[in-house]
Amino acid sequence: PDRSIDIKMSSKFSANFPMCRAFTTFEFDISVEQLFECLMGYKVRPKWDKSVVEYRCLETVDKFTDIYYMVNKAPFPFSNRDFVEKRFTKSLLDGTLVCYFSAAESHAFPRVAKYTRGETIYGAWVLRKIHNKTALTLISQCDVKMNLPSSALSKTLPTSYTKWIDDLKKFAMNYAKSSQKGK
């Protein structure tokens with residue numbers, strides 16, 4: 001299969017929130033850098049990720065680290081969730097790109113009353129080439145402040161991640177093609 005998704009209802013970092021691991025390959029020609037732009041580009045990601053209401057950089061700490069703000073749509077009857085996260089990105093010698101992110105505080109951007117502030121306990125994305133295909137591995141654990149039972153999450157999260165990956169792949173294919181034409 002071109003993907004696998006594994007949801008656990010806890011991890012050694014936090015026993016109270018679901019942890020997701022996912023892996024997928026892209027069956028078309030897209031570079032690690034292009035895929036990174038689809039995932040992390042402040043102007044690009046909202047074009048395909050329909051859960052993103054707002055996404056912007058708050059602060060560039062150094063060439064590897066930034067602090068960003070994101071608002072995600074929440075299902076009815078919940079209010080939208082906002083996140084402030086610190087992201088560290090590093091390119092390895094073999095071309096693999098590693099991105100680690102977690103919740104951060106920003107004095108420049110306090111909580112917004114109309115949103116519920118979610119908390120990313122940890123998250124990581126690894127983008128790399130495997131046998132001439134670009135692959136994405138992700139792992140994350142978040143407290144989205146919804147207090148849903150584990151049984152509901154174990155049924156809805158795999159479907160949500162599958163749709164998210166499908167949406168990413170559809171957009172990424174067109175993004176890669178248009179980027180190649182522009183060269």
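Report follows, based on the coordinates.

1. Points about the pattern of salt bridges
- According to the stated counting rule, one finds seven salt bridges in the structure shown.
- Two residues, Arg45 and Asp49, come together in a salt bridge whose shortest N-O distance is 2.9 Å.
- Across the salt bridge formed by Arg117 and Asp82, the nearest N and O atoms sit 3.0 Å from each other. One end of the pair, Arg117, is in strand E7 (residues 116–117); the other, Asp82, is in strand E5 (residues 81–91), with 35 residues separating them in the sequence.

2. Comments concerning the nonpolar core
- Of all hydrophobic cores here, the largest spans 34 residues; its most connected members are Leu39, Trp125, Leu127, Leu136, Trp164 and Leu168.
- Where this core is concerned, the elements lending two or more residues are strand E2 (19–26), helix H1 (32–40), strand E3 (52–62), strand E4 (65–72), strand E6 (97–103), strand E8 (119–130), strand E9 (133–143) and helix H3 (150–181).
- In terms of residue count, H3 provides more of this core than any other element does, nine residues in total.
- Apart from the residues lying within four places of it in its own chain, the contact partners of Leu39 are Arg45, Trp48, Tyr55, Trp125, Leu127, Leu136, Trp164 and Leu168.
- Formed by seven residues, the second largest nonpolar core is a distinct cluster that contains Tyr69, Val84, Phe109 and Tyr115.

3. Some words on the packing of aromatic side chains
- Under the counting rule described, the total for this entry stands at eight aromatic pairs.
- When the ring of Tyr55 is compared with that of Tyr68, the centres are 5.6 Å apart and the planes differ by 90°; the resulting orientation is edge-to-face. Of the two residues, Tyr55 is situated in strand E3 and Tyr68 in strand E4; the sequence distance between them amounts to 13 residues. When sorted by exposure, Tyr55 lands in the same class as Tyr68, which is buried.
- On the numbers, 5.6 Å between centres and 85° between planes, the contact of Phe101 with Trp125 is edge-to-face. Taken together, the residues span a long stretch of sequence, with Phe101 in strand E6 and Trp125 in strand E8 at a distance of 24 residues. With respect to class, Phe101 is no different from Trp125; both count as buried.
- Among the aromatic side chains, those forming a connected cluster through ring pairs are Trp48, Phe101, Trp125 and Trp164.

4. Here we look at the packing of H1 against H3
- Closest axis-to-axis distance for the H1/H3 pair is 10 Å, and the angle between their directions is 125°. In terms of their interaxial angle, H1 and H3 are classed as oblique. Where H1 crosses over H3, the two elements pack in a sense that is right-handed. Counting all contacts with H1, which are made through Gln34, Leu35, Glu37, Cys38 and Leu39, the residues of H3 involved are Trp164, Leu168, Phe171, Ala172, Tyr175, Ala176, Ser179 and Gln180.
- Its residues assigned to classes, the contact of H1 with H3 shows nine nonpolar, three polar and one charged.

5. Notes on the pairing of E3
- The pairing of E3 with E4 spans eight bridges and is classified as antiparallel. Within E4, the position partnered with Cys57 by the bridge is Tyr68.

What counts, and at which threshold
- Residues numbered from 1 in each chain as written.
- Predicted model: local features only at pLDDT ≥ 70, side-chain atom pairs only at ≥ 80, totals over all residues.
- Heavy atoms only, no water.
- Salt bridge = Lys/Arg side-chain N within 4 Å of Asp/Glu carboxyl O.
- Helix = DSSP H or I, 4+ residues; strand = E, 2+ residues; numbered from the N terminus.
- Core = buried A, V, L, I, M, F, W, Y, C linked by side-chain atoms within 4.5 Å.
- Buried < 20%, exposed > 50% of the residue type's maximum accessible area, 1.4 Å probe, protein only.
- Contact = heavy atoms within 4.5 Å.
- Phe/Tyr/Trp six-rings, centres within 6.5 Å; stacked < 30°, edge-to-face > 60°.
- Axes fitted to C-alpha atoms, helices over the stretch in contact; angles between N-to-C directions.
- Parallel < 35°, antiparallel > 145°, perpendicular 65-115°, else oblique.
- Left-handed = near helix turned anticlockwise from the far one by under 90°.
- Nonpolar A, V, L, I, M, F, W, Y, C, P; charged D, E, K, R; others polar.
- Pairing = 2+ DSSP bridges.

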